[in-house]
Amino acid sequence: MSFREEHELHKRRFGRNVGLGVVLGSFVALVFGLTIAKVTSGDLAIQPAPQSVSQNEVSQ
Amino acid sequence: MSDASINTKAVDAGYGDAGFGDYFALLKPRVMSLVVFTAFVGLLAAPGAVHPMIGFASILFIAVGGGASGALNMWWDADIDAVMKRTKSRPVPSGRIGADEAKALGITLSVFAVVMLWLASNVVAAGLLAFTIFFYVVIYTMWLKRWTPQNIVIGGASGAFPPMIGWAVATGGVSVESVLMFAIIFVWTPPHFWALCLFMNSDYEKAGVPMLTVTHGRRVTRNHILAYTLVLAPIAIGAGFTSIGGPIYLAVAVVLNALFLIGAFRIWRRSEDAAVADKYRVEKKFFALSLFYLFGHFGAIMAQAALAPYGIGGW
């Protein structure tokens, strides 16, 4: 049994918390989507390592 | 948790437990919608393709950056906003949100938007967004607005950057086309705003903001409106001959600039007595046309870009 009296302020605060939760959830989804887009479009592809100096060049 | 959790001090002070909508209002959603629209057009008109997800995220971060500068503007201008009829119901002057809260939110979102835009697109776009926020908050809000009647002319640059940022997201740079899109909004802002000032003069006078109508009078303001409209027309029509233009844009630009010039000429020709007699009908009509003018030009650029893959439009 709750003894807390509901205040109009609680309603506003609840609305604010829900709003913030939605914003944070959307941000997580956005970063996830952005990461997938970057990976699939090759922006984050690992560049091949430069060719190592061949043995012949070393011996010369 | 008891009722003691309610911040009674804040309630007594009149703020501290604002609703979510109040925080959203702090970001000036109407200005944000213009930022989103023009940045999107800049992105769409730019050469080269951008992944839709990257494009969407970039536009969102540009909008957040624009909103953050709006919050910082409301923090700094709370005293002016409280006096003006048009702005006194904003979250800070009405007491729903504290000025410090607006400042904290504005700074946090500014940093967040710039860093995220950098990660999502490139350093040029992020740099332009950072400069836009700096220009709007420091150069316009803190410096020019209360100091010179040219505030709206120079300050208008901050509203002109979004299409340039959108263009930079796609290309990673700046070009003639993006500068022309910037110039259209930059030169359009003074006549648009001064027309509003002509019929909302008392508000600015009361707040002590040195608008041209207050410092130099209405005759000079009318002259300035015509002069800027004359400068604007060749820029707007000239953009039609670059890669963002085409027959659709050119047709729209010619018609809208002719109408805008006629409107500016009517404002210039009028005496103040005539304006008072018909309750600023011509000025109000010109202001409404100015909104349609900007939407028309950027809508036409968007149409050109959207139709280009089908071989319609574009030079």
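What you are looking at is a predicted structure, and each value in this text was computed from that prediction instead of being measured.

Caption draft 1: Inspection of the overall build of chain A at higher detail. Summing up its helical and strand segments, chain A has two helices and zero strands in all. Counting over 60 residues, chain A shows a buried share of 17%. In the form shown here, chain A has an accessible surface area of approximately 5200 Å², with 63% of it arising from carbon and sulfur atoms.

Caption draft 2: Seen up close, the overall build of chain B. For chain B, the helix and strand inventory stands at 16 helices and zero strands. The proportion of buried residues among the 315 residues of chain B is 53%. Of the contacts formed within chain B by residues at least 6 apart in sequence, a portion of 74% connects residues at least 24 apart. Per element, the accessible surface of chain B, about 13600 Å² overall, is 71% carbon and sulfur.

Caption draft 3: Local environment of the environment of A306 of chain B. Within the fold, A306 of chain B resides in helix α16 (residues 281-307). Take A306 of chain B: its relative accessible area is 41%, and that puts it in the partly exposed class.

Caption draft 4: Representation of the environment of W76 of chain B. All names here are of chain B. Inspection of the secondary structure puts W76 in helix α4 (residues 52-76). Taking the relative accessible area as the measure of exposure, W76 reaches 35% and is therefore partly exposed. Excluding residues that lie within four positions of it along the chain, W76 makes contacts with T141, M142 and R146.

Caption draft 5: Representation of a positive patch on the surface within the structure. Residues and elements named next belong to chain B. A contiguous patch of positive charge on the surface is contributed by R266, R269, R281 and K285. Elements with a contribution of two residues or more to the positive patch: α14 (247-269) and α16. By secondary structure assignment, the location of R281 is in helix α16.

Caption draft 6: Here's a closer look at the pattern of salt bridges. All names here are of chain B. Enumeration over the complete set of coordinates arrives at ten salt bridges over all chains. R96 serves as the salt-bridge partner of D22, at 2.7 Å between the closest nitrogen and oxygen. Of this pair, D22 sits in helix α2 (residues 20-25) while R96 sits in the loop between α5 (78-83) and α6 (99-120); the two residues are 74 residues apart in sequence, bridging distant segments of the chain. Take R96: its relative accessible area is 32%, and that puts it in the partly exposed class. One salt bridge connects K145 with D77, and the closest N-O pair in it is separated by 2.8 Å. In this pair, K145 sits in the loop between α7 (123-144) and α8 (151-160) while D77 sits in the loop between α4 and α5, placing the two residues 68 residues apart along the sequence. As far as burial versus exposure is concerned, K145 and D77 are alike and both buried. One connected set of salt bridges, linked through shared partners, spans R218, R222, R270, E272, D278 and E283.

Conventions used here
Residues numbered from 1 in each chain as written. Chains lettered and ligands numbered in written order. Predicted model: local features only at pLDDT ≥ 70, side-chain atom pairs only at ≥ 80, totals over all residues. Heavy atoms only, no water. Helix = DSSP H or I, 4+ residues; strand = E, 2+ residues; numbered from the N terminus. Buried < 20%, exposed > 50% of the residue type's maximum accessible area, 1.4 Å probe, protein only. Areas by Shrake-Rupley, 256 points an atom, 1.4 Å probe, with all protein chains shown as cover. Contact = heavy atoms within 4.5 Å. Patch = residues over 30% accessible without salt bridge, like charges linked within 9 Å, V, L, I, M, F, W, Y side chains within 5 Å. Salt bridge = Lys/Arg side-chain N within 4 Å of Asp/Glu carboxyl O. Lys, Arg positive; Asp, Glu negative; His and termini not counted. Charge placed at Lys NZ, Arg CZ, Asp CG, Glu CD.

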